[in-house]
Amino acid sequence: MAVKKEELIRNYAKAIREGNAAIFGGAGLSRPSGFVDWKGLLRPLASDIGLDVDKETDMLSVAQFYKNQRRTRSSINQAILDAFSVDAQINENIRIISRLPIFTYWTTNYDELLEKGIREANRNPDVKSESDQLSNMKRDRDAIVYKMHGDVNHPANAVLTKEDYELYEHHRPLFRTALKGDLVSKVFLFIGFSFEDPNLDYILGQIHSLLGENVPNHYCFFKRVQENEFSDPAEYGYCKARQDMQEENLRNYGIQTVFVDSYNEITDILREIERVSKLHNVFISGSAHEYTEPWNKQRAEELARKLAGALVHEECRITSGFGRGFGSAIINGALDIIYSEKYRHIDEHLCLRPFPQNISDPDDRKKRWKEYRESIMDETGISVFLFGNKYDSTTGGIVVADGCIQEFEIAKAKGNLVIPIGSTGYASKVISDEVKCNISDYPYLSNVIGRLETETDIDSIVTLVMDVIKKQQN
């Protein structure tokens with residue numbers, strides 16, 4: 001039985017957080033950018049040798065027939081160059097999966113969209129399209145892109161004909177070895193893949209023969225066969241039965257199918273995976289130059305320390321801008337739990353993002369700090385606001401910290417969850433007032449926003465905040 005999209009989102013987001021997620025992209029991943037699939041690539045070549053590609057089911061043989069007829073593959077190489085070297089725009093699905101903190105990407109595509117998307121997300125891809133590249137590691141890489149059928153820049157080495165597949169084990173054995181290892185140790189999401197590739201069939205069969213029913217779970221998308229797309233009821237019945245059997249067969253190899261009624265649903269699901277995967281990344285915003293009753297420096301630091309400790313205990317990763325007044329308390333609270341419960345895995349649970357300093361031009365500083373805040377919000381899914389005041393040298397008084405307000409506006413614009421602890425006053429109270437006036441936009445706070453504005457007991461505040469976060473994570 002196919003799985004629901006909610007199960008995919010929950011399990012795959014968990015795999016992302018744990019560093020066990022991988023992507024496998026097929027031709028359907030690149031098609032929205034204008035690239036062709038196998039049939040589109042081979043259509044003119046098939047026509048040249050008198051074949052109708054729409055009547056053929058074995059594209060490998062079509063490519064092989066063409067090579068046999070011409071006694072050369074130069075036209076095949078040129079077809080690959082012509083089809084995949086155009087400067088196409090990155091589509092939204094590639095843009096989303098490129099932003100995800102995933103290290104391992106596999107594809108059978110020749111185009112460069114995937115690595116281009118990863119670079120656009122300010123990540124450094126290490127591209128492997130030839131066997132001799134597998135033993136080399138690119139410095140400062142953020143992701144590996146395995147192009148198991150080759151690359152548009154080396155069309156003579158691309159895997160396309162039946163003979164290429166027959167000789168794959170001889171020419172590219174390490175790709176099969178690497179893919180087998182990843183399929184056993186990671187959770188794959190197959191996007192735009194038809195599962196008609198002989199290489200993947202062979203690898204999945206080997207894994208199944210070794211592990212039997214202990215194969216790990218992976219996921220794939222299929223567009224559901226729609227009755228209204230067929231004029232012949234018998235043809236619809238045939239295609240529906242075949243799709244059901246394919247879904248059942250994939251389940252034997254641990255690949256769970258998520259059916260969609262339109263390809264646009266895939267984009268929505270990927271966006272939700274991205275959102276859910278970031279709900280364990282929490283930004284703590286705030287600063288305090290002074291405190292008002294019942295708060296003082298000691299109690300503010302205790303709140304920050306206990307909140308940070310509770311977040312780490314619940315497997316969250318804290319991002320802190322090292323705000324004035326309690327930045328050290330956040331770090332100390334996180335480290336207490338990291339060292340006692342988390343095997344000292346500091347990077348997994350704590351990220352310090354102190355703001356750039358010593359920028360003399362005030363306009364340049366505002367611009368760079370805003371960009372910095374946007375990059376922080378891109379990486380986090382929840383923002384908690386404490387206090388939020390600063391000393392204004394112009395007036396000589398204490399004012400609401402405009403940086404906290406800007407962080408709230410950015411978080412809101414990006415669809416992140418915001419949790420203001422209004423009882424701490426200043427920017428947090430301003431944000432809390434806006435939330436109350438627009439509570440329909442913040443339904444997760446409807447039952448707690450009032451209590452967060454009046455509660456001053458530290459343990460009670462931490463419990464309220466953590467209850468909101470855990471409910472959203474679940």
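Anyway, here's the lowdown on the structure attached to this text. (Residues numbered from 1 in each chain as written. Predicted model: local features only at pLDDT ≥ 70, side-chain atom pairs only at ≥ 80, totals over all residues. Heavy atoms only, no water.)

1. Topic: unusual backbone geometry
The linkage connecting E293 with the following residue, P294, adopts the cis geometry, with an omega of 10°. Within the secondary structure, P294 is located in the loop between β8 (281-287) and α14 (297-313). A positive phi angle is found at D140, which is not glycine, with a value near 60°. (Helix = DSSP H or I, 4+ residues; strand = E, 2+ residues; numbered from the N terminus.)

2. Some words on the packing of α14 against helix α21 (residues 458-473)
Interhelical geometry of α14 versus α21 gives an angle of 35° and a closest axis separation of 10 Å. Handedness of the α14/α21 crossing: right-handed. Within the contact between the two elements, α14 uses R299, E302, L303, K306, L307, A310 and L311 and α21 uses I458, D459, I461, V462, V465, M466 and I469. Looking at the contact of α14 with α21, its residues break down into 10 nonpolar, no polar and 4 charged. (Axes fitted to C-alpha atoms, helices over the stretch in contact; angles between N-to-C directions. Left-handed = near helix turned anticlockwise from the far one by under 90°. Contact = heavy atoms within 4.5 Å. Nonpolar A, V, L, I, M, F, W, Y, C, P; charged D, E, K, R; others polar.)

3. Some words on the packing of aromatic side chains
By the definition in use, this model includes 18 aromatic pairs. Each ring, one from F190 and one from F195, has its centre 5.0 Å from the other, and the planes form 55°; the classification is tilted. Taken as a pair, F190 and F195 share a single burial class, namely buried. Taken together, the aromatic side chains of F24, F188, F190, F193, F195 and F222 make up a single cluster linked through ring pairs. The ring of W295 carries the charged tip of R299 above its face, separated from the ring centre by 4.6 Å. We note R353 situated over the ring of Y372; from NZ or CZ to the ring centre the distance is 4.6 Å. (Phe/Tyr/Trp six-rings, centres within 6.5 Å; stacked < 30°, edge-to-face > 60°. Buried < 20%, exposed > 50% of the residue type's maximum accessible area, 1.4 Å probe, protein only. Lys NZ or Arg CZ within 6 Å of the ring centre and 35° of its normal.)

4. Let's talk about the pattern of salt bridges
Under the defined criterion, the tally for this structure stands at 37 salt bridges. The residue E120 makes a salt bridge to R95 at a minimum N-O spacing of 3.1 Å. Of this pair, E120 sits in helix α7 (residues 113-120) while R95 sits in helix α6 (residues 92-99); the two residues are 25 residues apart in sequence, bridging distant segments of the chain. Here E379 makes a salt bridge to R353, at a shortest N to O gap of 3.1 Å. With E379 in helix α17 (residues 362-379) and R353 in the loop between β10 (350-352) and α17, the pair connects residues that are 26 residues apart, well separated along the chain. Through salt bridges with shared partners, a single ionic network connects E92, R95, E120, D268 and R271. (Salt bridge = Lys/Arg side-chain N within 4 Å of Asp/Glu carboxyl O.)

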